[in-house]
Structure formats: C-alpha cells, structure tokens
Amino acid sequence: MKKFSIREIECLTGIKAGTIRMWEQRYNLVVPKRTCTNIRYYDDCDLKRLLNISVLNSNGYKVSEIAQLSPAEINDAVGVFTEDSHNVCCQQQGLSKAMINLDEYAFEKVVHTAILKMGFENTMNTIVLPFFKKIGSMWQTGAVTVAQEHFITHLVAQKIMVATEGQQLMPAEGAKKILLFLPEGEAHEIGLLYASYLLKARGFQVVYLGRNVPVTDLSTIAQQVAPHYAITLLTSLLPVDLENFVHQISNQLECPLIISGQQVVGKLQSNSNILVMETIEEFTQFLAEISVLSSVA
C-alpha cells in the first residue's frame, strides 16, 4: 500500500489541500491515517475515493450531495461521466486511476472509447497529451512511481504505433523528408512517436532514428538522408547550457531543426535555423503550411 501526502493527493486529484481538509472536517469524506510519528497520510482507497469525488464535483454534484452517496452509488455516478468521451476531465481522471492501479482494461476503456467517438488525433490532442503534462507535475511531488509511469507510457506508445502502421506506406509524391530523433540522455519517446504518426498521416517521408542518438553522428546521418527538416524533443533532458546544446545539434544538420518539449518551451526562441514549437496545434499548422508549399512546388 502506497502512502500519499496531502500535497501528492492535491497533485493527483486537482483538489486543493485546503479544500480536502475542509471536506474532511465538514463531511467526513475521507479520514487520513497517521504514522507512528503522527504524520498524516492517505492510502490507495482514499486516493480512489477523492478521484471519484473530483469527477462528480466537476460535473455539477455538490459535495454535500456526494457525502450522502454510498461507495457503490459514487462509482455508478462516475461511470456515467466516464462513458462520455467529450468530458476531458473525466477521461484524464480515468487515465490517472488506470495508471495508479496498473489497470490495462481501464486504460483501454477510456482510450478505445474516445478514439471510436472522437478519432485518434482528437483523443491524443485533447486527452492523452494533456494527461502526460499532468504526469510531469506528479513526478515533481513523487506521487507517481517509475513503474506506473512506464506502464501508462507503454500502453500509449502501443496505441500510437498501431495507428502509425495504419497509415499509407508510400509517402505522397514530392513529399518533404523529415528526420526524427532524440539526443543521448532523452528517453521520453511518446512525443516523437506521435510526431511520426502526424507526419505519415499527412504523406511526409519519415526517417525515424528513435532515442539516444549521439549528436556527433547527426552530421553523417544528415548527409546520407538529406532531410528537409529534423525534429527532436527535450522533455526530461535538461542541458546545463540549453541554448548552446541546441545550437550544437543544429550545427550538425544541413536543414532547419524543429524542437519542442518541456525543457524547451518558453526557454528558447526561434530563429532561421531553429523552429521552437510551443503547442501541438502550432506543429500541425506548420505541417499544413509546408505540405501546401510542397504541392505548389
């Protein structure tokens, strides 16, 4: 059984610590435990209950009403909202519970249903990618273990790869060639996999190198492949000198470098050779623009 501090619970559920304490005192919704040194903590059952309460509260239930419901009634009420693929808050809470419980069936229920109703890209853009940003804040509080993060990442990676395999094998005539890679030390591949899917879905030529590509190898690779653009991400890797590190990468290439990721956005400015993509919407718009230019050329 994992023990959660109130700050970890706040991060996982989105409910402010002060609100949780008020609900404890006023409605007895959860009862925190105490360690032998009198430090309060919450267990897995408390977390699941508060995740469910968060879903109901964000969908119009008053806390006073929730307090009158039995655990079974709360679960039934939450089930109604989680069936709604357009309810982003509920879907993300569903992914949180699936990750915490290492529950592949629960993951499939959320993601598969959303894909059927919204399509793959909408599901990724509105539910899955925002959820992965949330995981980043969970890491900062220690609320998520390595095993839980690997579990959910593996499942999402599988979904992306299956969707990518479903795209056309032959790129469009005259399509631009895009090189995708992650530098040494960067292990978070979800964003790069999804970029590969978006490119193939739009008919681009894709050369996918994956993780841990030495910067010193890029010059030789770029000469061999001759890409029109290169794409990389810095999600977990935080270089001592970010700007210098990115310029080192760019200097190895003979094409513009498209870069994004948590360690880059808001910290680096675009120039003629380095294009910083702040959002997935900005990236897809850019793909539309260069695709149009290719067809005109």
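Residues numbered from 1 in each chain as written. Predicted model: local features only at pLDDT ≥ 70, side-chain atom pairs only at ≥ 80, totals over all residues. Heavy atoms only, no water.

Draft legend 1. Structural view of the packing of helix α9 (residues 146-165) against helix α10 (residues 190-201). Packing of α9 against α10 leaves a shortest axis separation of 9 Å and a crossing angle of 15°. With respect to α10, the element α9 is oriented roughly parallel. Crossing of α9 over α10 shows left-handed handedness. Across the interface between the two elements, Thr153, Val156, Ala157, Ile160, Met161, Ala163 and Thr164 from α9 touch Ile190, Leu193, Tyr194, Ser196, Tyr197 and Lys200 from α10. Its residues placed into classes, the contact of α9 with α10 shows nine nonpolar, three polar and one charged. (Axes fitted to C-alpha atoms, helices over the stretch in contact; angles between N-to-C directions. Helix = DSSP H or I, 4+ residues; strand = E, 2+ residues; numbered from the N terminus. Parallel < 35°, antiparallel > 145°, perpendicular 65-115°, else oblique. Left-handed = near helix turned anticlockwise from the far one by under 90°. Contact = heavy atoms within 4.5 Å. Nonpolar A, V, L, I, M, F, W, Y, C, P; charged D, E, K, R; others polar.)

Draft legend 2. Examining the nonpolar core more closely. Within the largest apolar cluster, 71 residues are counted, with the highest numbers of intra-cluster contacts made by Ile160, Tyr194 and Phe283. Leu179, Leu237, Cys255 and Leu268 belong to the second largest nonpolar core, which has 23 residues in total. (Core = buried A, V, L, I, M, F, W, Y, C linked by side-chain atoms within 4.5 Å. Buried < 20%, exposed > 50% of the residue type's maximum accessible area, 1.4 Å probe, protein only.)

Draft legend 3. Quick look at the packing of aromatic side chains. Per the counting criterion, the structure on display carries five aromatic pairs. Judged by centre distance (6.2 Å) and plane angle (65°), the rings of phenylalanine 120 and tyrosine 194 are edge-to-face. On the criterion of sequence distance, the pair formed by phenylalanine 120 in helix α8 (residues 120-141) and tyrosine 194 in helix α10 is long-range, its members being 74 residues apart. Of the two residues examined, phenylalanine 120 and tyrosine 194, each falls in the buried class. Taken together, a centroid distance of 6.0 Å and an interplanar angle of 10° make the contact between tyrosine 194 and tyrosine 197 stacked. Of this pair, tyrosine 194 and tyrosine 197 both sit in helix α10, separated by three residues, roughly a single helical turn. Across the pair, exposure class does not vary: tyrosine 194 and tyrosine 197 are buried alike. Among the aromatic residues, ring-to-ring pairing joins Phe120, Tyr194 and Tyr197 into one connected group. Its end group placed over the ring of tyrosine 41, lysine 3 keeps NZ or CZ at 4.8 Å from the ring centre. (Phe/Tyr/Trp six-rings, centres within 6.5 Å; stacked < 30°, edge-to-face > 60°. Lys NZ or Arg CZ within 6 Å of the ring centre and 35° of its normal.)

Draft legend 4. Structural view of α10. Over its 12 residues, α10 runs 16 Å from end to end, which matches the ideal 16 Å to within 8%, given 1.5 Å per residue. Burial of α10 is extensive: nine of the 12 residues sit out of reach of the surface. Residues Ile190, Leu192, Leu193, Tyr194, Ala195, Ser196, Tyr197, Leu198 and Leu199 constitute the buried set of α10. Of the residues flanking the end of α10, it is glycine 203, one or two places downstream, whose phi is positive at about 85°. (Expected span 1.5 Å × (residues − 1).)

Draft legend 5. Structural view of unusual backbone geometry. Although it is not a glycine, asparagine 28 adopts a positive phi angle of roughly 55°. Mapped onto the fold, asparagine 28 is located in the loop between α2 (17-27) and β1 (33-34). Phi is positive for asparagine 212, close to 55°, though the residue is something other than glycine. Here asparagine 212 shows up in strand β4 (residues 205-213). Owing to a relative accessible area of 45%, asparagine 212 belongs among the partly exposed residues under this scheme.

Draft legend 6. The environment of tyrosine 229, seen in detail. Here tyrosine 229 is to be found in strand β5 (residues 229-233). Sequence-wise, tyrosine 229 and leucine 257 are 28 residues apart; in three dimensions their C-alpha atoms are separated by 6.0 Å. For tyrosine 229, the residues in contact, after removing those within four places along its chain, are Lys176, Lys177, Ile178, Leu179, Cys255, Pro256, Ile258, Leu275, Phe286 and Ile290.

Draft legend 7. Seen up close, the environment of leucine 29. Examined against the element boundaries, leucine 29 turns out to sit in the loop between α2 and β1. Setting aside chain neighbours within four positions, we find leucine 29 in contact with Trp23, Glu24, Arg49, Ile53, Val63 and Ala67.

Draft legend 8. Expanded view of the pairing of strand β6 (residues 257-260). Neither face of β6 is exposed, since Leu257 and Ile259 on one face and Ile258 and Ser260 on the opposite face are all buried. Pairing of β5 with β6 involves four bridges; the strand directions are parallel. The residue bridging leucine 233 from the neighbouring strand is serine 260, located in β6. Handedness of the crossover joining β5 and β6 through helix α12 (residues 242-251) is recorded here as right-handed. Inspection of the sheet shows β6 paired to strand β7 (residues 274-276) by three bridges, in the parallel sense. Within β7, the position partnered with isoleucine 258 by the bridge is leucine 275. (Pairing = 2+ DSSP bridges. Right-handed = clockwise from strand over helix to strand, strands pointing away.)

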